[in-house]
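# Summary of the model geometry
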Amino acid sequence: MKTLPLLFFTFFLATGCSGTKKDSAAQPDNGEETAETAIQPAAPVWYEGEKPIFFNVEENYPETNIRLSDLSDALYIPLETNDSTLLRQRGTCEGNEYLLTNDLIYAQEEQSAIYIFKRNGSLLRKIDHRGGGPGEYSYISSYAVDTLRKEIFVQDANLKKGCTYVYDLEGNYKRTFPNKAKEITILNDSLLLNYFRYNPGGPRYSVTRKEDGSTVKKLPIRFPTQLPHDSHGRLAYGSLVKSPKGAFMANLGNDTIFEIRQDLQVIPRIIDQSKYPTTFAQVHPTIETGRYLMFYILRCHSYKPYVDEHYYIYDKKDNQIYKMTDYPGNSYWTLMDDYPHITNWNTTQNSHIAVRTRQVYALQEAEGKHGDAELKKLIETLDDDANPVLQIMLFHTVDQIKK
């Protein structure tokens, strides 16, 4: 893989702005509950992440049998199904199809609408403003929910429009500002983090203000301008992955995974020193908890030679990378059950939670060959054309990794 210079840098707000905006954008007021802290419980932190993890696929890392189910408790929520709530889940946006807050579940549907469910799975409302008029988007490429300010940010995938639309939690239009990003995520009380897939010669990441979209800082993180097309869709996955302290910035072709913190400090978290036979392969973070950072090898399927896909877990307490032992045969179903794969597990705005959907018809066709007893019992009560069951993993602090 092409090695890029390692950038150790700290970003501060641009000068020339008013003092009030400058201070509020950099960090929240002392003692005030923020959009981030409001949905994150206090938890022990074993490792502050100040030193990067160095990874090399040729290293003989010790294996571990640990699984997601060893690190968390599962909660299952069947989403209400009726004529107005049937979710087809085709053509979804990248990396954040589902978002959870303390009280609500947000689901993006076919890049056109956002459904809001109560935590018991019953539908609360649907927000659908697709169209060509004022306050209407073409289709959704990404969205974010600000629970403190009670706003939903919808990123229009139409680059000609190049806009972020802001609505309140009732779905009422509030404002629009220019933004040609492909993905967005909330960074802190005042700021959005943006990822630009198509920006030849320009920055691929930037920080902007939620209020008006004005640029706070452009992040000069480099990676190849031209990314390969992958017929299997491996390059369609999100490049912004939420972390307990901010967000990871990951992209195929860049050998360093950076993290931007809520205070705008940018640090390298994973440095991939592997010499892959193709430039279009690298490690990709999936889930971070208080003690563990999980990642796997993401690669483009359209390019040869083929790169094996393996799963790893970094134990912050032991300062050790472990390779996750494959199940016999590593079947699709067991992979979907208990591995931190980017195709099925999504991080949420809650740093201690991961979420995925379990399609009822697929579970029924599997005839009880996967899923725990609680899930199997629930599936027996649902029709095969029902909305998916939301599986939520609540990660807990564990004292010892199961080797």
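Residues numbered from 1 in each chain as written. Predicted model: local features only at pLDDT ≥ 70, side-chain atom pairs only at ≥ 80, totals over all residues. Heavy atoms only, no water.

This part covers the overall build of the chain. Within the chain, the secondary structure is distributed over 5 helices and 27 strands. Burial status across the chain gives 56% buried among its 403 residues. Restricting the contact set of the chain to residue pairs at least 6 apart, pairs at least 24 apart contribute 57%. Carbon and sulfur atoms provide 49% of the accessible area of the chain, an area that totals close to 17700 Å². (Helix = DSSP H or I, 4+ residues; strand = E, 2+ residues; numbered from the N terminus. Buried < 20%, exposed > 50% of the residue type's maximum accessible area, 1.4 Å probe, protein only. Contact = heavy atoms within 4.5 Å. Areas by Shrake-Rupley, 256 points an atom, 1.4 Å probe, with all protein chains shown as cover.)

Our next topic: the environment of Ser72. Mapped onto the fold, Ser72 is located in strand β4 (residues 72-78). Accessibility expressed as a relative area gives 6% for Ser72, which makes it buried. Spatially, the C-alpha atoms of Ser72 and Ile392 are 9.3 Å apart, while their sequence positions differ by 320 residues. If near-sequence neighbours (up to four positions away) are discounted, Ser72 is found in contact with Met393, Leu394, Phe395 and His396. At a separation of 2.8 Å, a polar atom in the side chain of Ser72 contacts the main-chain carbonyl oxygen of Leu68. (Polar contact = N/O pair within 3.5 Å; in protein donor to acceptor, adjacent residues only side chain to side chain.)

By size, the foremost hydrophobic cluster in this structure holds 20 residues, and its most contacted members are Leu68, Leu71, Ile287, Met294, Ile313 and Phe395. Breaking this core down by element, the ones donating at least two residues are α2 (68-71), β22 (292-299), β23 (311-315), β24 (320-324) and β27 (389-395). Sort the elements by how many residues they give to this core and β22 lands first, with 4 residues. When residues no more than four places from it in sequence are discounted, the contact partners of Met294 are Leu68, Leu71, His284, Pro285, Thr286, Ile287, Thr289, Tyr312, Ile313, Pro340 and Phe395. Listed in part, the 18 residues of the second largest apolar core include Tyr61, Ala250, Ile257 and Ala281. (Core = buried A, V, L, I, M, F, W, Y, C linked by side-chain atoms within 4.5 Å.)

Moving on to the sheet that holds strand β14 (residues 191-195). Sheets are built from strands that pair by backbone hydrogen bonding, the pairs being arranged parallel or antiparallel. The strand order across the open sheet built from 4 strands is β13-β14-β15-β16, with neighbouring strands paired in antiparallel fashion. Looking along the sheet, the strands with just one partner apiece sit at the ends: β13 (183-186) and β16 (215-219). The average undirected angle you get between the axes of adjacent strands in this sheet is 20°. Looking at chain direction, strand β15 (residues 205-209) and β16 are connected through 4 bridges and run antiparallel. Within β16, the position partnered with Thr208 by the bridge is Thr215. (Pairing = 2+ DSSP bridges. Axes fitted to C-alpha atoms, helices over the stretch in contact; angles between N-to-C directions.)

Along the polypeptide, Ala362 turns up in helix α4 (residues 360-365). As for Ala362 and Asp384, which are separated by 22 residues in sequence, their C-alpha atoms are 8.3 Å apart.

Bringing the packing of aromatic side chains into the picture now. Across all of its chains, the model carries 11 aromatic pairs by this definition. Aromatic pair Phe55 and Phe295: ring centres 5.4 Å apart, planes at 85°, arrangement edge-to-face. You can see Phe55 sitting in strand β2 (residues 53-55) and its partner Phe295 sitting in strand β22, a full 240 residues away along the chain. Phe295 matches Phe55 in its accessibility class, with the two residues each being buried. Aromatic rings pair up to connect Phe55, Tyr61, Phe295 and Tyr312 into one cluster. (Phe/Tyr/Trp six-rings, centres within 6.5 Å; stacked < 30°, edge-to-face > 60°.)

Before going further, it helps to spend a moment on the pairing of strand β9 (residues 140-146). For β9, the tally of buried residues reaches 7 of 7 residues, placing the bulk of the element in the interior. With 6 bridges joining them, β9 and strand β10 (residues 151-156) adopt antiparallel strand pairing. Among the inter-strand pairings, Ala144 is bridged to a residue of β10, identified as Phe153. Linking β9 to β10, which pair antiparallel, is a turn of 4 residues; within it Lys150 sits at a positive phi near 55°.

We now examine the pattern of salt bridges. Counted according to the given criterion, the structure contains 11 salt bridges. One salt bridge in this structure joins Glu259 and Arg261, with 2.9 Å as the shortest N-O distance. Across the pair Arg269 and Glu288 runs a salt bridge whose closest N-O atoms are separated by 3.0 Å. Of this pair, Arg269 sits in strand β20 (residues 265-272) while Glu288 is found in strand β21 (residues 281-288), placing the two residues 19 residues apart along the sequence. Exposure remark for Arg269: the relative accessible area of 2% places this residue in the buried category. Of the residues examined, Glu288 reaches a relative accessible area of 6% and is grouped as buried. (Salt bridge = Lys/Arg side-chain N within 4 Å of Asp/Glu carboxyl O.)

This brings us to the confidence of the model for the chain. Confidence along the chain averages 77 in pLDDT terms, with 74% of residues attaining 70 or more. Low pLDDT, under 50, characterises residues 1-46; the predicted model gives this stretch 93 contacts beyond four residues in sequence or across chains. (pLDDT = per-residue confidence, 0-100.)

Take the sheet that holds β22 next. The strand order β3-β24-β23-β22-β21 describes an open sheet built from 5 strands, whose pairing is mixed. Each of the sheet's edge strands pairs with one partner strand only, and the pair in question is β3 (63-64) and β21.

Another point: a negative patch on the surface. A surface patch of like charges, here negative, comprises Glu365, Asp383, Asp384 and Asp385. Relative to the helices and strands, Asp384 is located in the loop between α5 (373-379) and β27. (Patch = residues over 30% accessible without salt bridge, like charges linked within 9 Å, V, L, I, M, F, W, Y side chains within 5 Å. Lys, Arg positive; Asp, Glu negative; His and termini not counted. Charge placed at Lys NZ, Arg CZ, Asp CG, Glu CD.)

Attention now moves to unusual backbone geometry. Despite not being glycine, Leu264 has its phi angle at roughly 80°, a positive value. Take Leu264: it is sitting in the loop between β19 (256-261) and β20. Judged by relative accessible area, Leu264 falls into the buried class, the value being 1%.

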